[in-house]
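Secondary and tertiary structure notes
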Amino acid sequence: MMDKGTPKFISNFSSMTNTETIRQVYELARKQYAALGVDSVAALAKLKEFEISLHCWQTDDVGGFETPDAALRGGGIEVTGNYPGKARNIAEMRGDLEKVMALLPGKQRLNLHAIYGEFGNRFVDRDQIEPAHFQGWIDWAAEQDIALDFNCTCFSHPRADSGFTLSSKDEKIRSFWVEHTRRCRTIGAEMGKQLGKTCIHNIWIPDGSKDVPVDRFTRRALLKQSLDEIFLDEYSKDFLKDSIESKLFGIGAESMTVGSHDFYLGYAVKNNKLICLDNGHFHPTEQVGDKISACLQFMDELMLHVTRPVRWDSDHVVTLNDDVVLIAQEIIRSNAYDRVHMGLDFFDASINRIGAYVIGTRAAQQAMLYALLEPLDRLKAYEDEGKNFERLALLELMKSKPFGAVWDYFCMQEGVPVGEEYIAEVQAYEKEVLNRRK
Ligand code: RNT
Ligand code: ZN
């Protein structure tokens, strides 16, 4: 089992850090927050328990290990860059993820895609995959004391080349993807069962059309039919929960996406599923943060894919930006800490991939901390009294409160590098591990 309290770092960061200073600065910060009625000790306790599901696909640029030279192809998503050191096999991928988790405070889960099974040296097609292909991952997750989430992979495959999978009009193709996704749910349920922690299985498909279609209706009817078939198999919610992920458009599918937000929202509400909101999958002026309280009126739980779209669904590394902060604030303000599951979804091959994970995950955690440190009672009181100047003033003032001091203290408590110390850790791993991969 991984113990975050016993850091296993290559460089000796603790000597560089004045732990006493961090403690003192935190103590001053704690008092400032307390003066506003904010309990920073309680905030850190909550942050420590908030699980973030790490997407496995940043390790290898969404390639997977079905064949030795597998790479992302098509599906309307793109990985750009050729920074050295990507994981070439599952052993390297696990090593990378262990390193990432050792550099992160708090709790993580791992979000796997179906293309990351252990298929030995033979090709196992998507409609043939079984729990046995993921037993190694389940065992590894148990050793790491983390839960697993899972995804069917309905792209990077000849049967997805037409641009349609679960909404294909070719019955052979459609039923192939139905079979794949059914098997993925079986695998997810097995993960949840063995690990004793519910697995969320997410369905995202690339289906859409480049130019204006005339028959959107049949496509969506086919997708609905496929989902109905997929969800015929019932699993205990203790083992498996299902989410469905919408999208506005993808490259090569600019004019229509079959699985749009309206489509999946309707499906999820009617069929008691989770919706997965990816903040790269909406019009740039729409805010996923705003959607949380709307969706939660009609469903028990939500899944998130936190990412950073730059002009389009570019899946840049998550940073602590307004979009991510609003998402976190809306989780806390809606008292939905237990109802919203946060996963990450970015893939940048132009920078050190381990560093990308650490930056992105820490940013998401920092957003949560920022939200947890909000003087919510006072802000709500202002709002209820119509004191909108006061509300805006306090929101602005919170931006210059000593949030960083609380964050640093949290990292120190968790036994992970504080502040910029993680840069040296990532550099050392690059030198000693990543650069040896040719
Ligand atoms: C694609 C979706 C989807 C994928 C992963 C790899 O636009 O965001 O979630 O990124 O399944
Ligand atoms: Zn996504």
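Check the entry above for the structure.
These remarks concern the structure in this document.

1. Overview of the pairing of strand β2 (residues 107-113)
With six of seven residues buried, β2 is to be regarded as a mostly interior element. Pairing of strand β1 (residues 51-55) with β2 involves five bridges; the strand directions are parallel. Within β2, the residue paired with Ser53 across the bridge is Arg109. Regarding topology, helix α3 (residues 90-102) serves as the crossover connection from β1 to the parallel β2, and that connection is right-handed. Two elements, β2 and strand β3 (residues 148-151), share four bridges in a ladder whose sense is parallel. Its bridge partner lying in β3, Asn111 is registered against Asp149.

2. So, the site of ligand 1
Lining the immediate surroundings of ligand 1 are Trp57, Ile77, His113, Trp204, Glu245, Lys247, Asp278, His281, His305, Asp313, Asp345 and Phe347. Between ligand 1 and Lys247 there is a distance of 2.7 Å, counted from an oxygen atom to a side-chain nitrogen or oxygen. Take Asp345: an N or O atom from its side chain is 2.8 Å from an oxygen atom of ligand 1. In the complex, 99% of the free accessible area of ligand 1, which totals 310 Å², lies under the protein chains. Taken together, the residues of the shell around ligand 1 sort by class into four nonpolar, three polar and five charged.

3. Focus: the sheet that holds strand β8 (residues 274-278)
On the basis of which strands lie adjacent, the closed barrel formed by eight strands has the order β1-β2-β3-β4-β6-β8-β9-β12 and parallel pairing. This sheet shows a mean twist of 30 degrees between the axes of neighbouring strands, independent of strand direction. Pairing between strand β6 (residues 240-245) and β8: three bridges, direction parallel. Within β8, the residue paired with Ser243 across the bridge is Leu274.

4. Topic: the state of the cysteines
All chains considered together, the criterion is met by zero disulfides. Cys152 supplies the cysteine sulfur nearest to Cys154, a cysteine that is in no disulfide, at a spacing of 3.9 Å. According to the relative accessible area criterion, Cys154 is buried, its value standing at 0%. A disulfide-free cysteine, Cys295 has its sulfur positioned 11 Å from the sulfur of Cys276, the nearest such atom. Residue classification places Cys295 among the buried residues on the basis of a relative accessible area of 4%.

5. Here we look at the coordination of the zinc ion (ligand 2)
Summarising the metal site, the zinc ion (ligand 2) is bound by the protein donors Glu245 (OE), Asp278 (OD), His305 (ND1) and Asp345 (OD), whose distances to it range over 2.1 to 2.2 Å. Classification of the site at the zinc ion (ligand 2) rests on its six donor atoms, whose angles at the metal span 71 to 169 degrees, yielding the label octahedral. Here the donor residues for the zinc ion (ligand 2) map to a single chain with the spacing E-x32-D-x26-H-x39-D. Here Glu245 is found in strand β6, whereas its partner Asp278 is found in strand β8, with 33 residues between them in sequence. Given a relative accessible area of 3%, Glu245 falls into the buried group.

6. Remarks on the environment of Leu110
Along the chain, Leu110 turns up in strand β2. In this structure the C-alpha to C-alpha distance between Leu110 and Ser53, which are 57 residues apart in sequence, comes to 5.2 Å.

7. As for unusual backbone geometry
Phi angles above zero are rare outside glycine, and Asp145 is one such case at about 60 degrees. As for its placement among the helices and strands, Asp145 is situated in the loop between α4 (135-144) and β3. In this structure, Asn335 takes a positive phi of about 55 degrees despite not being glycine. Relative to the assigned elements, Asn335 resides in the loop between α9 (322-333) and β12 (340-344).

8. So, the nonpolar core
Among the nonpolar cores identified, the biggest contains 130 residues, and Leu110, Trp137 and Met342 are the most heavily contacted of them. The element that contributes the greatest number of residues to this core is helix α10 (residues 353-372), accounting for 12 residues. Those residues in contact with Trp137, other than ones at most four positions away along the chain, are Ile90, Met93, Arg94, Leu97, Leu110, Leu112, Tyr116, Glu118 and Leu148.

9. Description of α4
Every α-helix winds through 3.6 residues per turn, so residues three or four apart in the chain are directed the same way. Within α4 the residues assigned to the buried category are Trp137, Ile138, Trp140, Ala141 and Gln144. The arc that holds every buried residue of α4, seen down its axis, measures 165 degrees, which confines them to one face. For α4, the secondary structure elements touched by its buried residues are α3, β2, β3 and α5 (171-195). Following α4 by one or two positions, Asp145 adopts a phi angle in the positive range, close to 60 degrees.

About the criteria used
- Residues numbered from 1 in each chain as written.
- Chains lettered and ligands numbered in written order.
- Predicted model: local features only at pLDDT ≥ 70, side-chain atom pairs only at ≥ 80, totals over all residues.
- Heavy atoms only, no water.
- Buried < 20%, exposed > 50% of the residue type's maximum accessible area, 1.4 Å probe, protein only.
- Helix = DSSP H or I, 4+ residues; strand = E, 2+ residues; numbered from the N terminus.
- Pairing = 2+ DSSP bridges.
- Right-handed = clockwise from strand over helix to strand, strands pointing away.
- Near = heavy atom within 4 Å.
- Polar contact = N/O pair within 3.5 Å; in protein donor to acceptor, adjacent residues only side chain to side chain.
- Areas by Shrake-Rupley, 256 points an atom, 1.4 Å probe, with all protein chains shown as cover.
- Nonpolar A, V, L, I, M, F, W, Y, C, P; charged D, E, K, R; others polar.
- Axes fitted to C-alpha atoms, helices over the stretch in contact; angles between N-to-C directions.
- Disulfide = S-S within 2.5 Å.
- Donors = N, O, S within 2.8 Å, 3.2 Å for Na, K, Ca; no water.
- Tetrahedral: all angles 85-135°; square planar, octahedral: opposite > 155°, others 65-115°.
- Core = buried A, V, L, I, M, F, W, Y, C linked by side-chain atoms within 4.5 Å.
- Contact = heavy atoms within 4.5 Å.
- Arc of directions from axis to C-beta.

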